[in-house]
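Residues per chain are reported as follows:
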Amino acid sequence: MDNSGIITSAASAVDIDRLGKFTGGKIALVAQGGGQRGIFTSGVLDAFILSNFDPFHEFYGTSAGALNLCAFLSRQHGLGRSFILDLTTSSNFFNLFRYIRKKQFLGLDWALDTICEFPYQLDIDLGREKLGSRKAFAAVTHAHSYHDHYFPIYQGNWYDILIATCAIPRLYHKTIELSGEEFVDGGVSASIPVQQAWRQNARCIVVIRTEGKDLEDDTAIDEIPVPSSEIEWFRDSFNSIQEQWGQKLEQWKSDWNNFFYQQVERSKQQKKDHAHLESLNGGRWLFGADDVYRVSHLLGEKFDSGLADMLMVHYQTYSLTQNFLNSPPDDCFIVQIKPEGPLRSSSLMSKEEHLLHDYEMGFVAGKRLVESFNKAYKGEHFK
């Protein structure tokens, strides 16, 4: 059975009748990160706000996805767009030359402080009110074990949680302490936290993605052996796989160096041959492998094992997520909202016209999703 559908700005491929069979249970919304590419997500969620569309029981976001969810839950149309278009393009947020000279790191604190002030004024209290008894989580990565963790966005330390989910290693200057432990960017281990939504019994899951095309088979992680039983972990027991994670991590580390340098060369060649396509990792964790390597040298730093391990975990977990999205369990239905092709914007340093273009693409795709759900509910509109 085909338990998945895809919606883009250009087309909709969703089995409405089958979707309708899954909308009676828990419905979750999942928002991927992607830096400035998150403006596509901003467009989707603004379309939801204008359509008064919010049938969701739980929310899961990573990095820019979590920030966009805050704007959505606060019903602040255009706020997610402004955060990316106005603030992340400012030199106060990121300046490459100052970063290289080690004079400035990613200005997450400045951007979050600014979005909470006039004229933007992110309304956390209204977000809590609109959320009610429902739940919203931000994905973060444990700084030492590299496991994914999920913190409620609207609890007392919401500020630290939002910083943590965006705290990209090497670009942000420190780890973030939550509940006595250290965390970094959720995109390392859970760039699309769809499995967590399913583990929490969501059986209709809407996933907003910020890349148009999955990793090709020959550019995925499959050069490192991963048993088929683990690729299909979600059909057996996720918990048992988590217990084996520490052991497998050591096994993967032993194969990582050769794989990484092969991917560096492949990524360089891919960019030469297909300049119009997305980078090796689709912008999911800011850079392609060759870019991370080059930035390390620009900074005069050694490409250490810690950063290599994070990249390895990112590739591994994304490969599993990709399989989950393409072959959902029989007991759930997944609708992906994604760009028709590669977004014009980048993770950082995007042009304004590219950001505006991608926002409009997201807005159109969001309207298509609302239409599909209304058909599944036989014309009933959500309040």
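Residues numbered from 1 in each chain as written. Predicted model: local features only at pLDDT ≥ 70, side-chain atom pairs only at ≥ 80, totals over all residues. Heavy atoms only, no water.

The chain is annotated in an unreviewed UniProt entry as PNPLA domain-containing protein of Vibrio marisflavi CECT 7928.

Draft legend 1. Structural view of the overall build of the chain. When helices and strands are counted, the chain shows 14 helices and 10 strands. Counting all 383 residues of the chain, 59% fall into the buried class. Surface summary for the chain: the accessible area is close to 15,900 Å², and the carbon and sulfur share equals 48%. (Helix = DSSP H or I, 4+ residues; strand = E, 2+ residues; numbered from the N terminus. Buried < 20%, exposed > 50% of the residue type's maximum accessible area, 1.4 Å probe, protein only. Areas by Shrake-Rupley, 256 points an atom, 1.4 Å probe, with all protein chains shown as cover.)

Draft legend 2. Quick look at the nonpolar core. Of all hydrophobic cores here, the largest spans 75 residues; its most connected members are Leu29, Phe48, Phe59, Ile337 and Leu369. With 8 residues, the single largest contributor to this core is helix α14 (residues 352–376). The contact partners of Ile337, leaving out residues within four places of it in the chain, are Ile7, Phe40, Val44, Phe48, Val206, Val207, Ile208, Arg209, Ala365 and Leu369. In terms of nonpolar packing, the next biggest core, distinct from the first, is built from 19 residues, Val30, Tyr60, Ile192 and Leu325 among them. (Core = buried A, V, L, I, M, F, W, Y, C linked by side-chain atoms within 4.5 Å. Contact = heavy atoms within 4.5 Å.)

Draft legend 3. Structural detail: the packing of helix α4 (residues 79–87) against helix α6 (residues 108–115). At their nearest, the axes of α4 and α6 sit 11 Å apart, and the two run at 135 degrees to each other. Between α4 and α6, the angle falls in the class oblique. Considering how the two elements wind past one another, α4 and α6 form a crossing that is right-handed. Of α6, the residues touching α4 (which contributes Leu79, Phe83 and Leu87) are Trp110, Ala111, Leu112, Thr114 and Ile115. (Axes fitted to C-alpha atoms, helices over the stretch in contact; angles between N-to-C directions. Parallel < 35°, antiparallel > 145°, perpendicular 65-115°, else oblique. Left-handed = near helix turned anticlockwise from the far one by under 90°.)

Draft legend 4. Representation of the pattern of salt bridges in the model. Overall, the coordinates contain 7 salt bridges when judged by the stated rule. Salt-bridge contacts for Arg199 lead to Asp148; the nearest nitrogen and oxygen are separated by 3.7 Å. Of this pair, Arg199 sits in helix α9 (residues 194–199) while Asp148 sits in strand β6 (residues 148–152), and the two are 51 residues apart along the sequence. Residue classification places Asp148 among the buried positions, given a relative accessible area of 18%. One salt bridge in this structure joins Arg203 and Asp331, with 3.1 Å as the shortest N-O distance. In this pair, Arg203 sits in the loop between α9 and β9 (204–208) while Asp331 sits in the loop between α13 (305–326) and β10 (333–337), placing the two residues 128 residues apart along the sequence. Residue Asp331 is classed as partly exposed on the basis of its relative accessible area, which comes to 33%. (Salt bridge = Lys/Arg side-chain N within 4 Å of Asp/Glu carboxyl O.)

Draft legend 5. Looking closely at the environment of Val335. For Val335, the position within the fold is in strand β10. A residue is classified by how much of its surface remains accessible, and Val335, at 1% relative accessible area, is buried. Considering only alpha carbons, one finds Val335 and Val14, 321 residues apart in sequence, at a separation of 7.6 Å.

Draft legend 6. Here's a closer look at helix α2 (residues 39–50). Given a rise of 1.5 Å per residue, 12 residues ought to cover 16 Å, and the 16 Å separating the end C-alpha atoms of α2 matches this to within 8%. The buried fraction of α2 is high, at 11 of 12 residues. Turning to α2, its buried residues are Ile39, Phe40, Thr41, Ser42, Gly43, Val44, Leu45, Asp46, Ala47, Phe48 and Ile49. Contacts from the buried residues of α2 go to β3 (27–31), α3 (64–73), α4, β9, β10 and α14. Where α2 ends, the next residue or the one after it, Asn52, has phi of about 55 degrees, a positive value. (Expected span 1.5 Å × (residues − 1).)

Draft legend 7. Looking closely at unusual backbone geometry. Phe118 connects to Pro119 through a cis peptide bond whose omega is 5 degrees. Among the secondary structure elements, Pro119 is positioned in the loop between α6 and α7 (124–131). Phi at Arg75 takes a positive value of approximately 60 degrees, unusual for a residue other than glycine. Structurally, the position occupied by Arg75 is in the loop between α3 and α4. One non-glycine residue, Asn201, lies in positive phi territory at about 75 degrees. Looking at where Asn201 falls in the secondary structure, it is placed in the loop between α9 and β9.

Draft legend 8. Quick peek at the UniProt feature "short sequence motif: GXGXXG" (unreviewed entry) in the chain. In the UniProt entry, the feature "short sequence motif: GXGXXG" (unreviewed entry) is given for residues 33–38. Annotated as residues 33–38, this span is 0% helix and 0% strand, and its ends, taken at the C-alpha atoms, are 6 Å apart. (UniProt positions renumbered as here; feature names shortened; annotations may be inferred.)

Draft legend 9. Here's a closer look at the packing of aromatic side chains. What the rule picks out here adds up to 13 aromatic pairs. Here the aromatic cluster, defined as three or more aromatic residues joined through ring pairs, consists of Phe48, Phe53, Phe56, Phe59, Phe72 and Phe373. Arg75 extends its terminal NZ or CZ atom over the ring of Phe72, reaching a point 4.9 Å from the ring centre. Sitting over the face of the ring of Tyr359, Arg81 holds its NZ or CZ atom 5.1 Å from the ring centroid. (Phe/Tyr/Trp six-rings, centres within 6.5 Å; stacked < 30°, edge-to-face > 60°. Lys NZ or Arg CZ within 6 Å of the ring centre and 35° of its normal.)

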